[in-house]
Amino acid sequence: MLLRLPTSLPEAQECLADGATPVGGATLVWAAWQRDGFPEQAVSLREVPEANVLGAGEIGAAVLLHRIDARVPEVLHRAAAGIGTGAVRRTATVGGNIVGSTLRCLLPAALVLGARARVLAAEGPFEADLAELLAKKPLLLSLHWNDPLVSGYRKVAEAPGGPPPLVVATAVHPGDRPVLRVAVRDGYDFLSESVPCDTPADTVLDDLGGTAMGTLPAEARAVVREQVLSTLERADHH
């Protein structure tokens, strides 16, 4: 297998046009390649500047998980810190987790941030929403968002050998009417909803219960309730 390491977007476009398979840290695809056969050529974005941004309102797809720190909102920082082992976080990338993984541990955080994706095709870069990113799986360059007022994250303790643990991500976004965004990973399913939060907490919870969040199992709804109340309290004191 030839691993190509472009240093610019035009070079990366050329790799895609030549049929190179995108690869991040290869933590997820290596075993599959060993089983099914390696592609003739792969392309990594680890030398492309646009895929390594990390700062206010943006993170690159080639950023290693262990590099994600307080420069990004709490919800994203904590989500990354809870993925795998230290060895995994020093190898796995943002793009590999969101696009290449079935667990998509960073996705709830991206959803509550209202993130949009910048992706690359052989024809050039373009903007996409997260739904398009997950459906079509183009090559992710970076994620961009507007920072929330506050955010929060909770991952329930994992049962050995069981389904993926419940994840609840929350964020309050400022505006004429502040908005609470909640995203949940329940098993392999993801839910994301938004409700105004300029009303009493009980009203916010009632509004949220009228969305798809109200269809979650009772135990999951209890965790969502606790996380929402905690986030709203922090927003009130911000």
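Residues numbered from 1 in each chain as written. Predicted model: local features only at pLDDT ≥ 70, side-chain atom pairs only at ≥ 80, totals over all residues. Heavy atoms only, no water.

Teacher, can you tell me more about the environment of His-238 here?
With respect to the secondary-structure elements, His-238 resides in the segment after helix H9 (218-236). In this structure, His-238 is in contact with Leu-149 and Val-150, ignoring residues within four places of it in sequence. (Helix = DSSP H or I, 4+ residues; strand = E, 2+ residues; numbered from the N terminus. Contact = heavy atoms within 4.5 Å.)

Honestly, H9 in this entry has me stumped. Any pointers?
Counted at 1.5 Å a residue, the expected span for H9 with its 19 residues is 27 Å, and the 27 Å between its end C-alpha atoms agrees. Buried-residue contacts for H9 involve strand S9 (150-155), strand S10 (167-173), strand S11 (179-186) and helix H8 (201-209). (Expected span 1.5 Å × (residues − 1).)

Can you walk me through the pattern of salt bridges in this structure?
Opposite charge on two side chains lets them pair, provided their charged atoms get close. For the structure shown, the criterion picks out 7 salt bridges. Of the charged contacts, one joins Asp-69 and Arg-71 as a salt bridge, the two residues approaching to 3.0 Å between their closest N and O atoms. A salt bridge links Glu-132 to Lys-136, with the nearest nitrogen and oxygen atoms 3.9 Å apart. Here Lys-136 and Glu-132 lie together in helix H7 (residues 130-136), a separation of 4 residues that amounts to about one turn. Classification of Lys-136 by relative accessible area gives exposed; the value is 64%. The network of salt bridges with common partners includes Glu-74, Arg-78 and Arg-234. (Salt bridge = Lys/Arg side-chain N within 4 Å of Asp/Glu carboxyl O. Buried < 20%, exposed > 50% of the residue type's maximum accessible area, 1.4 Å probe, protein only.)

Looking at this model, I keep getting lost on the pairing of strand S7 (residues 124-129). Mind explaining?
Moving residue by residue along a regular strand, the side chains alternate between the two faces of the sheet. Sheet topology places strand S6 (residues 116-121) next to S7; 6 bridges connect them, and they run antiparallel. Within S7, the residue paired with Ala-121 across the bridge is Gly-124. Linking two consecutive strands that pair antiparallel, namely S6 and S7, is a turn of 2 residues. (Pairing = 2+ DSSP bridges.)

Please clarify how helix H3 (residues 74-81) should be interpreted in this entry.
Helical geometry note: an α-helix holds 3.6 residues per turn, so side chains three or four residues apart project in the same direction. If you check which residues of H3 are buried, you get Val-75, Leu-76, Ala-79 and Ala-80. Across the axial projection of H3, the buried residues extend over an arc of 125 degrees, all falling on one side. In this structure, the buried side of H3 is in contact with strand S5 (58-60), helix H4 (86-89), helix H6 (107-112), S9 and S10. (Arc of directions from axis to C-beta.)

Please explain the packing of H8 against H9 as it appears in this structure.
Two quantities define a packed helix pair, namely the angle between the helix axes and the distance between the axes. Running from N to C, H8 and H9 point in directions that differ by 140 degrees, and their axes come no closer than 11 Å. Between H8 and H9, the interaxial angle falls into the category oblique. Relative to H9, H8 is oriented so that their crossing is right-handed. Residues Ala-201, Asp-202, Val-204, Leu-205 and Leu-208 of H8 form the contact with H9, whose own contacting residues are Val-224, Arg-225, Val-228, Leu-229 and Leu-232. Its residues assigned to classes, the contact of H8 with H9 comprises 8 nonpolar, no polar and 2 charged. (Axes fitted to C-alpha atoms, helices over the stretch in contact; angles between N-to-C directions. Parallel < 35°, antiparallel > 145°, perpendicular 65-115°, else oblique. Left-handed = near helix turned anticlockwise from the far one by under 90°. Nonpolar A, V, L, I, M, F, W, Y, C, P; charged D, E, K, R; others polar.)

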